[in-house]
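Spelled out from the first residue to the last, the chains are:
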2 protein chains.
Amino acid sequence: MAFLKVVPLEEALKVIDSFPLKPEIEEVSLEKALGRVLAEDVVSPIDVPPFDRATVDGYAVRAEDTFMASESEPVRLKVIGEINAGDTPTIELKPGESVYISTGAPLPKGADAVIQFEDVDREGDEVVIYKPAYPSLGVMKRGADIPKGRSLLEKGTRLGFKETALLSAVGFSKVRVFRKPKVAVISTGNEVILPGTELKYGQIYDINGRAIADAVRELGGEAIFLGIARDDRESLRELILRGVECCDIVLLSGGASGGIRDLTSSIIEELGEVKIHGIAIQPGKPTIIGLINGKPIFGLPGYPTSCLTNFTLLVAPLLRKLLGRENEVRKVKKRLAHKVFSVKGRRQFLPVRIEGEKAVPILKGSGAVTSFIDADGFIEVSENVEILEAGEEVEVTFFG
Amino acid sequence: MAFLKVVPLEEALKVIDSFPLKPEIEEVSLEKALGRVLAEDVVSPIDVPPFDRATVDGYAVRAEDTFMASESEPVRLKVIGEINAGDTPTIELKPGESVYISTGAPLPKGADAVIQFEDVDREGDEVVIYKPAYPSLGVMKRGADIPKGRSLLEKGTRLGFKETALLSAVGFSKVRVFRKPKVAVISTGNEVILPGTELKYGQIYDINGRAIADAVRELGGEAIFLGIARDDRESLRELILRGVECCDIVLLSGGASGGIRDLTSSIIEELGEVKIHGIAIQPGKPTIIGLINGKPIFGLPGYPTSCLTNFTLLVAPLLRKLLGRENEVRKVKKRLAHKVFSVKGRRQFLPVRIEGEKAVPILKGSGAVTSFIDADGFIEVSENVEILEAGEEVEVTFFG
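Residues numbered from 1 in each chain as written. Chains lettered and ligands numbered in written order. Predicted model: local features only at pLDDT ≥ 70, side-chain atom pairs only at ≥ 80, totals over all residues. Heavy atoms only, no water.

Thoughts on the sheet that holds strand S13 (residues 182-188) of chain A
Residues and elements named next belong to chain A.
Link 1 in the chain: Read from one edge to the other, the open sheet built from six strands follows the order S16-S13-S17-S20-S19-S18, with strand pairing classed as mixed. Looking along the sheet, the strands with just one partner apiece sit at the ends: strand S16 (222-229) and strand S18 (273-277). Across the sheet, the axes of successive neighbouring strands diverge by a mean angle of 20°, strand direction being ignored.
Link 2 in the chain: Where S13 lies against S16, seven bridges are found, and the strand directions are parallel. Of the residues in S16, the one forming a bridge with alanine 184 is isoleucine 224.
Link 3 in the chain: This element, helix H6 (residues 304-322), spans S13, strand S17 (249-253), strand S19 (288-292) and strand S20 (295-300) of the sheet and lies at about 165° to S20. (Pairing = 2+ DSSP bridges. Helix = DSSP H or I, 4+ residues; strand = E, 2+ residues; numbered from the N terminus. Axes fitted to C-alpha atoms, helices over the stretch in contact; angles between N-to-C directions. Contact = heavy atoms within 4.5 Å.)

Side note on the sheet that holds strand S16 (residues 222-229) of chain B
Residues and elements named next belong to chain B.
Link 1 in the chain: Pairing within the open sheet is mixed, and its six strands lie in the order S16-S13-S17-S20-S19-S18. Edge positions in the open sheet fall to S16 and strand S18 (273-277), since each of these has one partner strand only. On average, each strand axis in the sheet is tilted by 20° relative to the strand beside it, whichever way the strands run.
Link 2 in the chain: For S18 and strand S19 (residues 288-292), the ladder comprises four bridges, and the chain directions are antiparallel. Residue pairing across strands places histidine 277 opposite isoleucine 288, the latter belonging to S19.
Link 3 in the chain: Here helix H6 (residues 304-322) sits on the sheet in contact with strand S13 (182-188), strand S17 (249-253), S19 and strand S20 (295-300), set at roughly 165° to S20.

Some thoughts on the interface of chain A and chain B
Link 1 in the chain: Listed per partner, the contact involves 66 residues of chain A and 66 residues of chain B.
Link 2 in the chain: Of the roughly 5,700 Å² buried between chain A and chain B, counting both surfaces, carbon and sulfur atoms make up 63%.
Link 3 in the chain: Interface area lost by chain A to chain B is led by Phe161, Lys162 and Tyr201 of chain A, which between them contribute 14%.
Link 4 in the chain: In this structure, the connection of chain A to chain B is made through six salt bridges. (Buried area = accessible area lost by both parts, 1.4 Å probe. Salt bridge = Lys/Arg side-chain N within 4 Å of Asp/Glu carboxyl O.)

Re unusual backbone geometry
Of all residues except glycine, most have a negative phi; of all peptide bonds, most are trans.
Link 1 in the chain: Residue proline 49 of chain A follows valine 48 of chain A across a cis peptide bond; omega there is -10°.
Link 2 in the chain: Among the secondary structure elements, proline 49 of chain A is positioned in the loop between strand S2 (42-43) and strand S3 (53-54).
Link 3 in the chain: The residue after glutamine 282 of chain B, namely proline 283 of chain B, is reached through a cis peptide bond having omega -5°.
Link 4 in the chain: Following the sequence through the fold, proline 283 of chain B ends up in the loop between S18 and S19.
Link 5 in the chain: Despite not being glycine, serine 136 of chain A has its phi angle at roughly 85°, a positive value.
Link 6 in the chain: For asparagine 293 of chain A, which is not a glycine, the phi torsion comes out positive at approximately 50°.
Link 7 in the chain: Relative to the helices and strands, asparagine 293 of chain A is located in the loop between S19 and S20.
Link 8 in the chain: Classification of asparagine 293 of chain A as exposed rests on a relative accessible area of 66%. (Buried < 20%, exposed > 50% of the residue type's maximum accessible area, 1.4 Å probe, protein only.)

In structure tokens:
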């Protein structure tokens, strides 16, 4: 096994960015598009509305026929028919004519205004009009809402219900979105068992497997949890191979033991290449990053908070890149609630909870489950800093 | 068909709240719990860690054996074995003894401290200790992270990856969550067709069906889109009956025509009871609310912005109640970006877009698709108000 030096975070990120994974595109039905990320700009292929449309119930007229109308000398137009929403009118209005029209119906040829029925009188086959109508009264013109060719949604938009409704409105039944990256999740450790079975003395329940799998899902990826590898070469090698086969990315979370790290590293060397072995951050020193058959594999630290911090720093940006969500802001500026001490020469990431405008450091130690449960994210304390004072501005990165 | 008077919004909400629907509970596997809402308080059934646990690799000792240790007069203890993570130790330390222990392993009986291997020397079957260890050094005590009986999560919590991880950590493989309410979604209108088919003259694509179905899903409900009813009694009656059969709630969005409202109302009268026919708000006057076989049915306005506003005001609170998410805040205070005029005596809801600290009114008219696409939510303008000045504080309710 080659010895690899501990590298700065930025170098690790560059290595990850250079991995041969690219966003892929798939077409899904609009029914299933909610929450997906648009893979291309969308331009309206039609005018909305696609025809001049009545916006009230009333009488479609040629506006010029009504210009002389007044209370004392009303205009009378012959009603030659009726058009309802959904009808395909063949009528063409000639001077002196009108049709009864309902809201949403297309105007007949020749008509350019609709007078609401409340404003007129109907006498036999005539409508009596008491004031002039101007062209476009009671009409939404073709394309007035969305003209054909109008840019509607940008590549990278996460589709909420407003966006899927808009796509429906302009006629799309399918939409091109970024494919969800498939992520294999493997927990490790002889002491780790799945919840639902009884603990024997010396065992603990898996945390990282669930946390990482569900964090991948929240990000928009597809997580496949492969189970827990024992601290032996065969067990770990088998799960890594299964992960590389079924998925685009493989994530391991270390057990407590250092042995698993050496095993992971040696198996990656055998099957592919170790690219990073240790990052000069705390937590993160034990992190391993490799490539097997062009598929990235990450060995994340075992302590839950460390695991989640490294997932957030290293894996989440890759997933966002594959999901077309690179530009999402996952940081917020807050004021530190109280003083924290760090070790000079150590680049540290500290879990914090957000309370209003404050970032409250969680100082339970990374071994505690509850330290990541209580935290919303983390702040960075750079190498040269020993003390961060209360009230200082800090940038909080949200987990995930 | 009974004539029903237009009622204030508050009365409509009271009627909806009195409907015989209650939150229901189901058990799901933790694998599928992400995004669901917890239906009961969760208390830890175990201590985490479930045993005194080594937090470093090193030597488990009886601390008192080391109290006299110094650089000049180190203490020597006999190493009687090794304990790894996942082991079930049967060893009991007697005075003068120690064991090699790895991180995550349970302490043997008698031991109360772990000294890291970097701080000692190993000579044959002895470990040489140069300074005293205090009890609990290098140890996470049983229950120190989460004691058994500790309250962990409250009923009504939406489960994110941190929460599912916590549930895993304390051993739950299943969890009781609120059942997703099933909502039938029906669009109406002779002029409305589904996207993916070519528009004939006079037709428009469905918007409300997609918007409402996906808004229900975003809220955490299950939406079943039943298609588009024609403006005839048989078509509408059939879809309403299917909705009542398959779902807990039925949502119709009106076409442009008034006829569909009368039909809806008459069909509800035939099959059940119309409870509300018209609400004294704009938009919302044409809204119909009824009950068929104990299942609420809502006839929402046809214009997309009106439809979504009424969905937000009337249906979303019911869905949140069924999902145990009643207390969620969906409002935010902003300053009005520019003056708006309203009609005295009319309680109005105006779509607005949020830009930083400002609420920008969208004044395109409710017939425009783009007015709800551009908006984030709406503000209320009460009956007595004719003008809201720029800079005035307004409360924005988010759509959905």
